[in-house]
Amino acid sequence: MENKQREEESAFLLVEDLEEQERVVEAVLFTMGQSVEVGRLAAAMGQDEDCARKAALRLKKRYDEERKGLQILELENTFQMCTRAEYYPHLIRVAAAPKRQVLTDVVLETLSIIAYQQPITKLEIEKIRGVKSDHAVNKLVEYNLVCEVGRLDAPGRPMLFATTEEFLRRFGIGTTEDLPGLLPEQEEEIKSEVAAELQMDVNELEQEEQQIKLQEGGREAKKED
């Protein structure tokens, strides 16, 4: 009896009309007020994820073509309805302005390193920048632009950082793969820095080996005496 009831409910929730599918997506995104996974959209219309994604993309296209005040953002495997950025000045006339997040040059530089090199440790960030980055990383975590995503399998197990869904929303991209490519000269600069860093590590190892040999030689000389 229960199985039959569930089948009847599933049949009732099955949405086959394309326009109706878009309306279901629209209703869910508006009501949730945050990013919604494709799987949950699929469940709402009784369809598979591929069908739900296509419906959300059709809705997104329609919003863009009609230049509505709202837009549909695709964020990796989720969708979200939000206000278009150009209407923010109008919104703050009737709503309290949120606390401004100041992204200084230092914070932006740190964010770009994390975005292109993620997941990355704080020590690796500092090697690239050449200075301590505690404050910048902490600010990015506070602004919810980066987050801790695990620990590196290395001595001390340092924390790994990566960008967040808020980062994608803030910069209007669907996935980190949509980040603009680096210029050839920037790639060469990074390669040079990496090569120099590796050479420094090799030199340090050679110096340590020489010191060990000298220490061992000194011990042998003392034994002979």
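Rules of the game
- Residues numbered from 1 in each chain as written.
- Predicted model: local features only at pLDDT ≥ 70, side-chain atom pairs only at ≥ 80, totals over all residues.
- Heavy atoms only, no water.
- Helix = DSSP H or I, 4+ residues; strand = E, 2+ residues; numbered from the N terminus.
- Buried < 20%, exposed > 50% of the residue type's maximum accessible area, 1.4 Å probe, protein only.
- Contact = heavy atoms within 4.5 Å.
- Areas by Shrake-Rupley, 256 points an atom, 1.4 Å probe, with all protein chains shown as cover.
- Pairing = 2+ DSSP bridges.
- Axes fitted to C-alpha atoms, helices over the stretch in contact; angles between N-to-C directions.
- Parallel < 35°, antiparallel > 145°, perpendicular 65-115°, else oblique.
- Polar contact = N/O pair within 3.5 Å; in protein donor to acceptor, adjacent residues only side chain to side chain.
- Arc of directions from axis to C-beta.

A.B. asks: Any chance you could explain the overall build of the protein chain here in plain terms?
C.D. replies: Secondary structure summary: the protein chain contains 10 helices and six strands in total. Each of the 225 residues in the protein chain was classed as buried or not, and the buried ones make up 26%. Pairs at least 24 residues apart make up 47% of the contacts formed inside the protein chain by residues separated by at least 6 positions. For the protein chain, the computed accessible surface area is about 15700 Å², with 52% contributed by carbon and sulfur atoms.

A.B. asks: Looking at this structure, how should I read the side chain of Ser133?
C.D. replies: Here Ser133 lies in the loop between helix H7 (122–129) and helix H8 (134–142). Once you skip the residues sitting within four places of it in the chain, Ser133 turns out to touch Ile125 and Glu126.

A.B. asks: Would you mind going over the sheet that holds strand S3 (residues 78–83) with me for this structure?
C.D. replies: Two strands in a sheet stick together by hydrogen bonds in their backbones, pointing the same way (parallel) or opposite ways (antiparallel). What the three strands build is an open sheet, ordered S1-S3-S2; its pairing is antiparallel. One side of each edge strand has no neighbouring strand; the edge strands of this open sheet are strand S1 (36–37) and strand S2 (70–75). By the bridge criterion, six bridges tie S2 to S3 in an arrangement that is antiparallel. For Ile72, the partnering residue across the bridge sits in S3 and is Met81. Its contacts with the sheet put helix H4 (residues 49–65) on S2 and S3, and the angle it makes with S2 is roughly 140°.

A.B. asks: What's the story with the packing of helix H2 (residues 18–32) against H4 in this structure? I'm lost.
C.D. replies: The axes of two packed helices give the description: the angle between them and the distance between them. Interaxial distance between H2 and H4 falls to 9 Å at its minimum, and their mutual angle equals 80°. Our classification of the angle between H2 and H4 gives roughly perpendicular. Note on element contacts: H4 touches H2 through Cys51, Ala55, Ala56, Arg58, Leu59, Arg62 and Tyr63, opposite Leu18, Gln21, Glu22, Val25 and Glu26.

A.B. asks: What am I meant to see in the sheet that holds strand S5 (residues 146–151) here?
C.D. replies: Across the sheet, which stays open at both edges, the three strands sit in the order S4-S6-S5 with antiparallel pairing between neighbours. On the outer flanks of this sheet lie strand S4 (120–121) and S5, each paired with one strand and no other. As paired elements, S5 and strand S6 (residues 159–163) share five bridges and run antiparallel to each other. From the neighbouring strand, Gly150 faces S6, where its bridge partner is Leu160.

A.B. asks: Just checking my understanding: could you explain the environment of Asn77 for this structure?
C.D. replies: Looking at where Asn77 falls in the secondary structure, it is placed in the loop between S2 and S3. Between the C-alpha atom of Asn77 and that of Thr175, which follows or precedes it by 98 residues, the distance is 9.0 Å. Discounting residues that sit within four places of it in the chain, Asn77 has contacts with Val36, Glu37, Val38 and Arg53. Reaching out from Asn77, the side chain makes a polar contact with the side chain of Arg53 at a distance of 2.5 Å.

A.B. asks: Looking at this structure, how should I read H7?
C.D. replies: Along an α-helix, residues three or four positions apart point the same way, because every turn accommodates 3.6 residues. Among all positions of H7, only Ile125, Glu126 and Arg129 are buried. In a view along the axis of H7, the buried residues occupy a sector of 95°, so they form one face of it. The secondary structure elements touched by the buried residues of H7 are helix H6 (105–117), S4 and H8. Once H7 ends, the next one or two residues include Gly130, with phi positive near 85°.

A.B. asks: I would appreciate a short explanation of unusual backbone geometry in the present structure.
C.D. replies: For residues that are not glycine, phi is negative in most cases, and the peptide bond is trans in most cases. Looking along the chain, the bond that leaves Gln118 and enters Pro119 is cis, with omega of -10°. With respect to the element layout, Pro119 can be found in the loop between H6 and S4. Despite not being glycine, Glu76 has its phi angle at roughly 55°, a positive value. Within the secondary structure, Glu76 sits in the loop between S2 and S3. We note that Asn144 has phi near 60°; this positive angle belongs to a residue other than glycine. One can find Asn144 in the loop between H8 and S5.

A.B. asks: Hey, could you run me through the pairing of S3 in this one?
C.D. replies: Moving residue by residue along a regular strand, the side chains alternate between the two faces of the sheet. Among the six residues in S3, five count as buried, and that is most of the element. The pairing of S1 with S3 spans two bridges and is classified as antiparallel. Across the sheet, the residue bridging to Val36 is Phe79, located in S3. Hairpin connection from S2 to S3: two residues lie between these consecutive antiparallel strands, with Glu76 at a positive phi of about 55°.

So, to be careful, I would describe these as geometric facts and stop short of saying anything about function.
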